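Survey of secondary and tertiary structure
What follows is the residue order along each chain.
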Amino acid sequence: MAETIYALASGGAKAGIAVIRLSGPSAGEVVRALTPGAPFPAPRRAVRRVFRHPQSGRALDDGLALWFPGPRSYTGEDAAELHIHGGRAVRAALLDALAALPGCRLAEPGEFTRRAFLNDRLDLSQAEGVVDLIEAETEAQRRQALRQAEGALGRRCAAWAERLMRLAAHAEAWIDFPDEDLPAESRDRNEFEMQQLEAELTQEIEGSVRSERLRDGVRVAIVGPPNAGKSSVLNRLAGREAAIVHARAGTTRDVVEVGLDLAGVPVVAADTAGLREAADEIEAEGVRRARAAAAAADVVVCVAAVTDPAAPALWTDARAAYPEAAVLLVANKSDLLTQDAAASGIGGAAGEPVLFVSAQTGAGIEVLVDRLAAAAAEAAGAGEEAGLTRARHREAAAECLAALRRARRAPSPDLEAEDLRLALRAIGRITGKVDVEDLLDVVFRDFCIGK
Ligand code: GDP
């Protein structure tokens with residue numbers, strides 16, 4: 001890691017201030033080269049400096065310099081930040097000056113955080129948390145990402161790893177010592193602990209679906225017959241023209257997706273082509289995609305027009321059709337109802353609570369948004385626990401669980417110990433810490449003393 005990397009840490013847009021970040025062995029020299037004659041900045045203090053071109057000595061900008069000596073820096077290396085004016089020419093001048101310095105090169109995407117990981121400043125799950133924090137679009141996503149970036153998931157993994165290590169240490173002890181040296185209850189304790197861990201991991205994996213939804217967005221599908229007003233309802237939800245609203249039946253031939261922020265929970269709402277027998281091939285494809293979107297949805301909004309005589313039957317069938325999803329029944333075009341018809345309660349006939357809305361006038365849309373937000377929050381979880389937020393985590397946890405199950409059924413202590421090591425390694429992959437041997441040494445030491 002001999003190279004010193006630099007990059008514009010703030011975005012590419014014109015702004016009042018831009019930040020250039022530097023990390024690597026010559027970060028200090030770089031600061032010196034850019035601020036000739038000025039005293040070197042004290043660690044972690046912002047100092048005002050005129051930045052000059054290292055060769056010509058020409059002034060480039062007047063800004064702030066910060067010095068973060070390693071290893072107590074973000075990357076673990078010597079690092080610095082230059083706060084400059086955020087204009088295009090200023091940024092270009094500084095970046096050009098850095099490019100001209102020996103041993104300096106532009107950082108690759110994620111390289112600062114990668115170095116932080118390699119220097120043990122954060123674990124893999126934290127690095128992912130940093131990415132998620134930058135990508136977070138909603139409040140609940142931000143909370144979840146921050147927790148992960150702060151190491152909450154890493155700490156839980158460390159706790160699981162420690163328990164697995166103790167289990168492995170005991171199993172290893174049964175290989176090394178004859179049976180009579182060890183009390184039978186220690187075997188029972190191991191068995192109990194393995195059961196316990198198995199139950200916890202199972203629960204964790206089940207719950208991970210919610211954390212993943214919060215990261216990727218809760219999937220909402222808007223279904224219903226053609227012309228029910230699905231596109232119009234989606235447009236109302238999005239507050240903008242997302243799907244083209246047409247009066248002719250079957251115009252929504254593909255699935256239109258809109259990202260929404262419902263009370264902090266990210267939602268991907270899909271307007272599906274009218275679910276009916278398709279008239280032509282293109283429409284048939286639309287219907288197929290609509291079915292797939294609806295089948296995968298966490299929340300299904302079933303829209304029918306109040307004027308549609310088939311509406312009550314549709315609503316009755318909807319819950320059975322989407323057993324895995326939360327289903328909201330919506331009666332659209334309530335503006336077409338006469339007072340009498342409204343009073344007779346068209347949805348009541350099916351015995352299902354139906355939300356009356358009018359995509360045209362906006363009536364009832366607020367209530368629909370509230371219900372949708374509640375259903376989405378339910379599907380995503382509030383993001384309060386430090387769960388497994390990615391498929392990668394879930395796969396590692398599932399592998400750990402499988403190894404643990406094998407260990408419980410293992411015919412001999414050495415096979416049991418081997419499976420426990422595999423379980424440990426699987427958990428280690430979540431945080432990128434797979435130094436199983438070192439950890440075993442530690443536990444063995446404590447085990448032998450305390451035995
Ligand atoms: P989709 O096929 O289910 O997506 O239905 P659209 O959103 O394309 O709407 C079909 C037709 O119904 C269009 O002519 C809309 O203007 C009309 N429409 C949609 N919502 C309402 C509503 O709340 N009231 C009335 N009166 N017409 C509506």
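Conventions used here
Residues numbered from 1 in each chain as written. Predicted model: local features only at pLDDT ≥ 70, side-chain atom pairs only at ≥ 80, totals over all residues. Heavy atoms only, no water. Helix = DSSP H or I, 4+ residues; strand = E, 2+ residues; numbered from the N terminus. Buried < 20%, exposed > 50% of the residue type's maximum accessible area, 1.4 Å probe, protein only. Contact = heavy atoms within 4.5 Å. Areas by Shrake-Rupley, 256 points an atom, 1.4 Å probe, with all protein chains shown as cover. Core = buried A, V, L, I, M, F, W, Y, C linked by side-chain atoms within 4.5 Å. Polar contact = N/O pair within 3.5 Å; in protein donor to acceptor, adjacent residues only side chain to side chain.

1. Comments concerning the overall build of the protein chain
Helix and strand counts for the protein chain come out as 15 helices and 12 strands. Scored against the burial criterion, the 451 residues of the protein chain give a buried share of 47%. Counting only contacts in the protein chain whose residues sit at least 6 apart along the sequence, the fraction spanning at least 24 positions is 65%. For the protein chain, the exposed area adds up to about 22200 Å²; of that, 53% sits on carbon and sulfur atoms.

2. Side note on helix 8 (residues 230–238)
In terms of burial, helix 8 is a largely internal element, 8 of the 9 residues being buried. Regarding helix 8, the residues found buried are Lys230, Ser231, Ser232, Val233, Leu234, Asn235, Leu237 and Ala238. On its buried face, helix 8 sits against strand 7 (218–223), strand 8 (256–262), strand 9 (265–271), strand 10 (299–305), strand 11 (326–332) and helix 12 (365–380). Once helix 8 ends, the next one or two residues include Gly239, with phi positive near 65 degrees.

3. With respect to the nonpolar core
Counting 32 residues, the largest nonpolar core has Val218, Val220, Leu260, Val267, Val301, Leu368 and Leu372 as its most contacted members. Taken together, the elements giving at least two residues each to this core come down to strand 7, helix 8, strand 8, strand 9, strand 10, strand 11 and helix 12. In terms of residue count, the dominant contributor to this core is helix 12 (8 residues). Leave out the neighbours within four places in its chain, and Val301 touches Val220, Ala221, Ile222, Val223, Leu328, Val330 and Leu372. Core analysis: the second largest hydrophobic core is formed by 29 residues, Ala171, Leu424, Ala426 and Ile430 among them.

4. Some words on the side chain of Glu111
Looking at the secondary structure, you find Glu111 in helix 3 (residues 111–118). Relative accessible area serves as the criterion here: at 10%, Glu111 is assigned to the buried category. A polar side-chain atom of Glu111 sits 2.7 Å from a polar atom in the side chain of Arg105. With residues near it in sequence (within four places) discarded, Glu111 still touches Ile5 and Arg105.

Structural measurements only, silent on function.
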